[in-house]
Amino acid sequence: MIKKTGRTIYLDYAATTPVRPEVVRAMTPFWANNFGNPSALYKLGLQAQEAVGNARNSVASVLNCRPDEIVFTAGGSESINLAILGAAKSFRKHNKTGGHIITSTIEHHAVLHAVDALAAEGFSVTKIGVDQEGFFKPELIKKAIRPDTFLVSLMYANNEIGTIEPITEIGKLLKKINSDRSSALSPRLLFHTDACQAGGYIDIDVQKLHVDLLTLNGSKLYGPKQTGCLFVRKGAHLEPIIYGGGQEKNLRSGTENVPGIVGFATALTLAHEEQNKETQRLEALRDYFISRVEKSITHTKLNGPAIRAEKKKVPANTPARLPNNINLSFANVDGEALVIYLDAHNIAAATGSACTSQSTDPSHVLEAIGLSDAYIRGSIRFTLGKYTTKAELEFVVKTLSSLVAQQRKTTQQLL
């Protein structure tokens, strides 16, 4: 009999993260003391304006861009919608018909639902497929481009299976195509990447990535929920999707969430400073956990890129899988039931994306990589984080082994 642990072992960091104490301290003055509206001209307003400006400078430093290329938003979904819908509105402003968008089959639903809405309005959408490890191939992107293609939106790292995509390679490809288009009548191709899962784990230098638009989410970085930003490269034209007082360069109206912006910038800066050390720590824990589970539980499948021989898919010195992501499938097991049983032992894990955890539909990501229905039903995602320890993982392995064995025994008895 496995005894419960005294506190929750949290292994769903891809869904959200706790706010770091340093972030809370940075935000605290702006709740009740320095509470001014940044648009006001008196001292309280100017103090708030300075705080927002300092945060913008900090975020720009991490992304290696200009401060005026940062637009603060209320999280990843809003940033994604501003990038996609804003680009579409800008295209239609100058072109009354047509317009083609390229994305992939494994994107977050914020992307997929946004492009589906545009398809209903008459835009053309191409969704590129992926291989069995979740990688898209740059040659398929190139082949899908049409004269009226104005936007390519591809995620940097997948939230369910951890695949790190060849965004730099695709960015270089699109940059070359834009250079060839400069003397033609075709629109400039904008390249957007959803980097919500990438921040704090892999390089998000927008100059190296060659992206025009990049999305980040504070709640994935040990910052406050409903905070984030969209990088908008100078020359990339968007139309707003929220109208009002014209804040954030007329792209995101509404009184700025000063404590949230300060907290987001602080969290991103800290994650960037600790990135190399924390990535190495998490990779070691990830690989240990996968190895222990594979040895302890038969008929287990790791979904997404393998943790060994990774370099064949991506450029040298680039990891293929997020350091904290473990997506496993167990034959003859119900993943949703397993999550509930784990929770009864104070272990928090997930069956897939947190944004669709209430849905009974199978994971669109696992379907896209060709996983069988049986393995999709038996899938579970563990994502590690700042407070994960080896001792915790050892307890999880033992508990998981026991619960899987119980489920399989019950299944056999019912047959």
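Predicted model only: the values in this text are computed from it and were never measured.

## Section: the packing of helix H3 (residues 43-63) against helix H9 (residues 258-296)
Link 1 in the chain: It is the contact of H3 with H9, at a shortest axis distance of 9 Å, that shows an interaxial angle of 30°. Considering the angle they form, H3 stands roughly parallel to H9. In this structure, the crossing between H3 and H9 has a hand that is left-handed. Contacts between H3 and H9 involve Ala 48, Ala 51, Val 52, Ala 55, Ser 58, Val 59, Val 62 and Leu 63 on the former and, on the latter, Val 258, Ile 261, Val 262, Phe 264, Ala 265, Leu 268, Thr 269 and His 272.

## Here we look at the pattern of salt bridges
A side chain of one charge can pair with a side chain of the opposite charge when the charged atoms of the two come close.
Link 1 in the chain: Overall, the coordinates contain 18 salt bridges when judged by the stated rule.
Link 2 in the chain: Between Arg 7 and Glu 392 there is a salt bridge, with the nearest N and O atoms lying 2.7 Å from each other. Placement of the pair is Arg 7 in the segment before strand S1 (9-10) and Glu 392 in helix H13 (residues 390-414), with a sequence separation of 385 residues.
Link 3 in the chain: Taking the relative accessible area as the measure of exposure, Glu 392 reaches 8% and is therefore buried.
Link 4 in the chain: Arg 292 serves as the salt-bridge partner of Glu 394, at 2.5 Å between the closest nitrogen and oxygen. With Glu 394 in helix H13 and Arg 292 in helix H9, this pair connects stretches of sequence that are 102 residues apart.
Link 5 in the chain: For Glu 394, a relative accessible area of 17% puts it in the buried group.
Link 6 in the chain: Put simply, Arg 20, Glu 22, Glu 274 and Lys 386 are held in one network by salt bridges that share partners.

## Re empty space enclosed by the protein
Link 1 in the chain: All told, the structure shown has 3 cavities of 30 Å³ or more when counted by the stated rule.
Link 2 in the chain: Across the lining of the largest cavity, the residue classes break down as 4 nonpolar, 3 polar and 5 charged.

## Focus on the pairing of strand S5 (residues 149-153)
Link 1 in the chain: With 5 of its 5 residues buried, S5 lies for the most part within the structure.
Link 2 in the chain: One ladder, built from 3 bridges, connects strand S3 (residues 100-104) with S5; its direction is parallel. Its bridge partner lying in S5, His 100 is registered against Thr 149.
Link 3 in the chain: Two strands pair when backbone bridges link them, and S5 and strand S6 (residues 190-194) are joined in this way by 3 bridges, in the parallel orientation. Across the sheet, residue Ser 153 finds its bridge partner in S6, namely His 192.

## Here we look at the side chain of Asn 324
Link 1 in the chain: Inspection of the secondary structure assignment puts Asn 324 in the loop between strand S9 (300-303) and strand S10 (325-330).
Link 2 in the chain: Given a relative accessible area of 2%, Asn 324 falls into the buried group.
Link 3 in the chain: Among the polar contacts listed, one links the side chain of Asn 324 to the side chain of Tyr 201, at a separation of 3.4 Å.
Link 4 in the chain: Excluding residues within four positions of it along the chain, Asn 324 makes contact with Tyr 201, Leu 282, Phe 382, Thr 383 and Leu 384.

## Examining the sheet that holds strand S12 (residues 379-383)
Link 1 in the chain: The 3 strands are arranged S9-S10-S12 in an open sheet whose pairing can be described as antiparallel. Two strands bound the open sheet, and with one partner strand each, they are S9 and S12. Each adjacent strand pair in this sheet contributes to an overall mean axis angle of 30°, direction not counted.
Link 2 in the chain: Taken together, the 4 bridges between S9 and S10 define a ladder with antiparallel strand orientation. Across the sheet, the residue bridging to Asn 303 is Asn 327, located in S10.

## What to know about the sheet that holds strand S4 (residues 124-128)
Link 1 in the chain: Reading across from one edge, S2-S8-S7-S6-S5-S3-S4 is the order of the 7 strands in this open sheet, with mixed pairing throughout. Strands at the two margins of the open sheet, each flanked by one partner only, are strand S2 (70-73) and S4. With strand direction ignored, the average angle separating the axes of adjacent strands in the sheet is 20°.
Link 2 in the chain: Lying on the sheet, H3 is in contact with S2, strand S7 (213-217) and strand S8 (228-232); it crosses S2 at an angle near 115°.
Link 3 in the chain: Packed onto the sheet, helix H7 (residues 167-181) meets S5 and S6 and runs at close to 165° relative to S6.

## Topic: the nonpolar core
Here is a general trend for soluble globular proteins: nonpolar side chains tend to be buried in one another's company.
Link 1 in the chain: Ranked by size, the top nonpolar core spans 94 residues in total, and within it Leu 63, Phe 330 and Phe 382 carry the most contacts.
Link 2 in the chain: A total of 14 residues in this core trace back to one element, the largest contributor, which is H9.
Link 3 in the chain: Those residues in contact with Phe 382, other than ones at most four positions away along the chain, are Leu 11, Phe 289, Asn 324, Asn 325, Ile 326, Leu 328, Leu 342, Ala 349, Val 396 and Leu 400.
Link 4 in the chain: Core analysis: the second largest hydrophobic core is formed by 24 residues, Ile 80, Ile 101, Ala 114 and Leu 251 among them.

## Considering the packing of helix H4 (residues 76-94) against helix H5 (residues 109-120)
Link 1 in the chain: For the pair H4 and H5, the least separation of the axes is 9 Å and the interaxial angle reads 25°. The orientation of H4 with respect to H5, classified from their angle, is roughly parallel. In this structure, H4 meets H5 at a crossing whose hand is right-handed. Seen from H4, the contacting residues are Ser 77, Ile 80, Asn 81, Ile 84, Leu 85 and Ala 88; seen from H5, they are Ala 110, Val 111, Ala 114, Val 115 and Leu 118.
Link 2 in the chain: Of the residues that constitute the contact of H4 with H5, the class distribution is 9 nonpolar, 2 polar and no charged.

Calculation criteria
Residues numbered from 1 in each chain as written. Predicted model: local features only at pLDDT ≥ 70, side-chain atom pairs only at ≥ 80, totals over all residues. Heavy atoms only, no water. Axes fitted to C-alpha atoms, helices over the stretch in contact; angles between N-to-C directions. Helix = DSSP H or I, 4+ residues; strand = E, 2+ residues; numbered from the N terminus. Parallel < 35°, antiparallel > 145°, perpendicular 65-115°, else oblique. Left-handed = near helix turned anticlockwise from the far one by under 90°. Contact = heavy atoms within 4.5 Å. Salt bridge = Lys/Arg side-chain N within 4 Å of Asp/Glu carboxyl O. Buried < 20%, exposed > 50% of the residue type's maximum accessible area, 1.4 Å probe, protein only. 1 Å grid on protein atoms, 1.4 Å probe; cavity = no way out; pocket = protein on both sides within 12 Å on 5 of 7 lines; lining within 4 Å. Points joined across faces, edges and corners; volume = space filled by probe spheres on them. Nonpolar A, V, L, I, M, F, W, Y, C, P; charged D, E, K, R; others polar. Pairing = 2+ DSSP bridges. Polar contact = N/O pair within 3.5 Å; in protein donor to acceptor, adjacent residues only side chain to side chain. Core = buried A, V, L, I, M, F, W, Y, C linked by side-chain atoms within 4.5 Å.

By themselves, these are just geometric observations and shouldn't be taken as functional.
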